[in-house]
Each structure stands twice: as structure tokens, then as C-alpha cells.
Amino acid sequence: MGVYMASVEIQKVRKCFGETEVLKEVSLSIREGEFVVLVGPSGCGKSTLLRMVAGLELPTSGTISIDSKVVNTVPPKSRGVAMVFQNYALYPHMTVRDNLSFGLKLAHVAIPEIEKRVKEAAEVLGLVKHLEKKPGQLSGGQKQRVAMGRAMVRQPKVFLFDEPLSNLDAQLRVKMRTEISHLHRRLHATSIYVTHDQVEAMTLADRIAVMNQGQLEQVGSPLELYQNPRTRFVASFIGTPSMNFVEGELLYLIKAPHGVASAGFRPENTFLKQGKVSLGEGQVVLVEPLGSIAYIHISLKGNYLVSEMKGHDWPEIGSTTEVFIDDSKVFYFDSQGKRI
């Protein structure tokens with residue numbers, strides 16, 4: 001399947017809707033063949049940024065370049081990008097074959113070439129047996145494969161994914177994540193993927209760009225963001241369950257350095273039987289058993305903590321338990337949320 005890779009350069013891009021600034025001088029470089037995930041809470045600007053790369057929105061200021069060419073004024077169809085939406089955007093009256101080929105026919109691609117591309121995409125995505133069906137006869141996962149296939153046959157320089165799995169149930173999302181990952185490894189296509197689901201981001205991305213309130217908080221590999229967050233926001237957003245944070249008198253127990261406003265530590269470094277530093281006793285308010293591990297939720301001196309426990313010797317809800325941490329795995333943040 002012929003796919004042409006391209007770099008994407010986003011330089012100091014701002015976007016305002018009226019008086020509201022939704023993107024604040026965002027800069028991001030995406031290498032050829034790289035899979036970059038834009039992640040962040042609703043309203044952080046990630047979908048707006050993706051739509052500007054696609055040409056569906058114009059930047060208020062700044063530049064967007066594809067293959068070293070500034071594309072701010074280039075129409076979407078001439079940018080060499082293909083977008084996969086969360087609602088599939090399939091034509092319900094057309095067969096799968098016609099949905100896959102429709103854009104190529106509009107572009108006056110030769111019939112033999114159209115047939116070749118549709119056949120290749122159908123084989124890659126497991127759609128060969130469904131080519132004569134209409135979207136109403138397909139499952140959600142099959143519809144999403146057709147949407148991806150329609151992007152593939154265009155042989156774009158850049159794939160753009162706008163929360164493509166958000167309409168699927170949990171089990172199917174896991175399956176489709178695997179398929180998207182396999183597809184990327186096969187095509188080596190430059191891809192920008194938007195999601196609010198940090199699990200999707202962690203499992204798919206070469207690099208993750210964490211966005212918050214119209215700004216880039218941090219860009220790095222999944223492991224880098226998990227192990228070395230630069231801000232409290234990144235520390236809290238990356239990782240499931242979220243990082244534990246403590247303030248007030250518990251900071252003295254940890255012997256936090258001067259100027260620290262809060263300290264954070266992961267649930268896997270929070271213990272109920274033994275550890276390096278005791279934070280005192282707290283009350284168990286929730287137990288989440290997940291097979292070989294459980295997440296124990298504890299209220300302790302006004303702080304809400306989660307401990308990851310292995311095995312099945314869990315404390316009972318309502319009971320009191322002592323909480324320990326590994327103080328060598330603690331992150332410290334100032335009053336602005338910056339890592340100290």
C-alpha cells in the first residue's frame with residue numbers, strides 16, 4: 001500500500017473564536033513516519049489543532065507546514081492529509097466498496113488504480129467479505145475499519161485521527177487500538193491522533209503531546225511522561241489510577257524540600273503493610289478488585305490516596321490501615337504546579 005510520509009511543523013499557532021483564545025502559541029514538530037497523540041481534557045484545544053492541520057480551521061496566527069511547505073492557505077483536499085472521524089462519516093446508501101472508492105472517483109483517479117487501492121485496503125483491514133454490504137449491515141468496529149480504509153486509499157502524507165474509538169464499547173476499543181497500531185507499523189505513515197483517553201495515548205504513541213487550556217504542557221515518549229512529568233497536571237493526567245497528591249502536614253512527614261506546595265507518588269509506590277515512610281493511619285473507603293491486583297482507596301488526614309495491592313489479602317471497607325510510601329519515588333511541585 002503506497003503511503004507517502006511527511007513531516008509536520010506547527011509554529012506558534014494561535015486560534016481565537018471571538019474574544020476566546022483556545023490555542024496559545026502552540027509549537028510542535030512531528031517527524032516523518034511518527035505517531036503523535038494529542039491528549040488532554042475536553043476543551044483543551046486538541047481537536048481544534050488537528051482541524052487546523054487538516055485545513056478545516058484557519059490559524060489566527062502562526063504557521064502550519066507539511067513537508068516543509070506552509071499550508072495555511074492551502075485547501076484541505078490539496079494538503080495530502082486524510083482524516084478519520086469518531087462518527088465514521090460513511091455514506092449510508094453506498095456499499096463498502098463505493099465508500100472506499102468515492103473520493104478517488106471524485107479525484108478522477110483511473111479505474112484500475114482505484115480497484116487496486118480498494119482491494120489492498122480491504123485485505124489489510126479484513127473487509128474483503130464486506131465490500132458489497134452497506135454501513136447499516138456493519139458493526140461499529142467494521143464501520144471504523146471502512147473509515148480508516150477510505151483514508152488509506154487516498155495514500156495521504158499524513159493520517160489525522162479525531163477520537164476515532166470514542167463511539168465503541170470498551171472491549172472493541174482495545175481491539176481497534178491493536179489494529180491501528182498494527183496498521184501504523186505496516187504503513188509507517190505519519191499520524192496525528194487526538195484522544196482524551198490517556199490509555200489510548202500510552203499504548204499507541206511514539207510521542208505524546210499533553211495539552212491543557214490551549215497550551216502544550218509536555219511532549220515526550222509515554223515512558224518519559226510517566227517517569228518524568230514536568231508539571232503536576234501531566235503527573236495527574238498520565239497514569240491510571242491517577243497519581244496521589246498530598247499537601248499540608250503530610251509534606252512534613254515526607255520531609256519535603258522548602259518551597260514545595262504538593263507532593264505526588266504513584267499508587268504502585270503506596271503501600272499498606274510496610275514501606276520506607278509512614279504517613280499514618282487512614283480509613284479504607286473503597287476497594288476495587290481487578291483480579292491479580294486491587295486498588296485500595298484511603299482517606300488520610302484530608303488527603304485521598306490510592307494504593308495498588310497485589311494478591312487478595314485486601315482490607316475491608318471502613319477499616320483503618322497504616323499507609324507507607326517509597327520516598328525515593330516522590331515528585332515535588334511548587335504552587336504553580338511546576339516540578340521542583
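This structure is a prediction, so every number in the text was calculated from the model and none was measured.

### Some words on the packing of aromatic side chains
Phase 1 of the analysis: With the rule as written, the count across this model stands at seven aromatic pairs.
Phase 2 of the analysis: Relative to Y193, the ring of F35 lies with its centre 5.8 Å away and its plane at 40°, an arrangement referred to as tilted. Within this pair, whereas F35 is found in strand 3 (residues 35-39), its partner Y193 is found in strand 8 (residues 190-195), the two being separated by 158 residues in sequence.
Phase 3 of the analysis: Among the residues examined, F35 registers a relative accessible area of 1% and is labelled buried.
Phase 4 of the analysis: Pairing F161 with Y193 gives two aromatic rings, centres 5.5 Å apart and planes at 35°, and the pair type is tilted.

### Here we look at the side chain of Q218
Phase 1 of the analysis: Mapped onto the secondary structure, Q218 falls in strand 10 (residues 215-220).
Phase 2 of the analysis: Residue class for Q218 comes out buried when judged on its relative accessible area of 2%.
Phase 3 of the analysis: Looking at Q218, its side chain comes within polar contact range of the main-chain oxygen of N228, at 3.2 Å.
Phase 4 of the analysis: The contacts of Q218, once residues within four sequence positions are left out, are I208, A209, V210, L225, N228, P229, R230, T231 and V234.

### Description of the pattern of salt bridges
Phase 1 of the analysis: One pass over the full model with this rule turns up 17 salt bridges.
Phase 2 of the analysis: D67 is the partner of K157 in a salt bridge, and the nearest nitrogen-oxygen pair spans 3.8 Å. Of this pair, K157 sits in the loop between helix 4 (140-152) and strand 7 (158-162) while D67 sits in the loop between strand 4 (61-66) and strand 5 (69-70), and the two are 90 residues apart along the sequence.
Phase 3 of the analysis: For E132, the salt bridge identified is with R97, shortest N-O distance 2.7 Å. In this pair, E132 is assigned in the loop between helix 3 (111-125) and helix 4 and R97 in helix 2 (residues 96-106), connecting sequence segments 35 residues apart.
Phase 4 of the analysis: For R97, a relative accessible area of 36% translates into the label partly exposed.

Conventions we followed
Counting restarts for each chain: residues are numbered from 1 in the order of the written sequence. This being a predicted model, a pLDDT of at least 70 is required before a residue's local features are given, and a value of 80 or more before pairs of side-chain atoms are given or counted; all residues contribute to the totals for chains, interfaces and linings. Excluded from the side-chain calculations are hydrogens and water; all other atoms, namely the structure's heavy atoms, are used. Side-chain rings of Phe, Tyr and Trp (the six-membered ring for Trp) are treated as a pair once their centres are within 6.5 Å; stacked means planes under 30 degrees apart, edge-to-face means over 60, and tilted covers the remaining angles. A run of H or I in DSSP becomes a helix once it reaches four residues, and a run of E becomes a strand once it reaches two; helices and strands are each numbered from the N terminus. Remark: exposure states derive from per-residue accessible area (1.4 Å probe, protein chains only) relative to the maximum for the residue type, with buried under 20%, exposed over 50%, and partly exposed in between. N or O atoms within 3.5 Å of each other form a polar contact, as long as, within protein, one can give a hydrogen and the other can take it, and as long as residues adjacent in sequence are counted only when both atoms are side-chain atoms. Two residues form a contact once any of their heavy atoms are found within 4.5 Å. The rule for a salt bridge is simple: a side-chain nitrogen of Lys or Arg has to be within 4 Å of a carboxyl oxygen of Asp or Glu.

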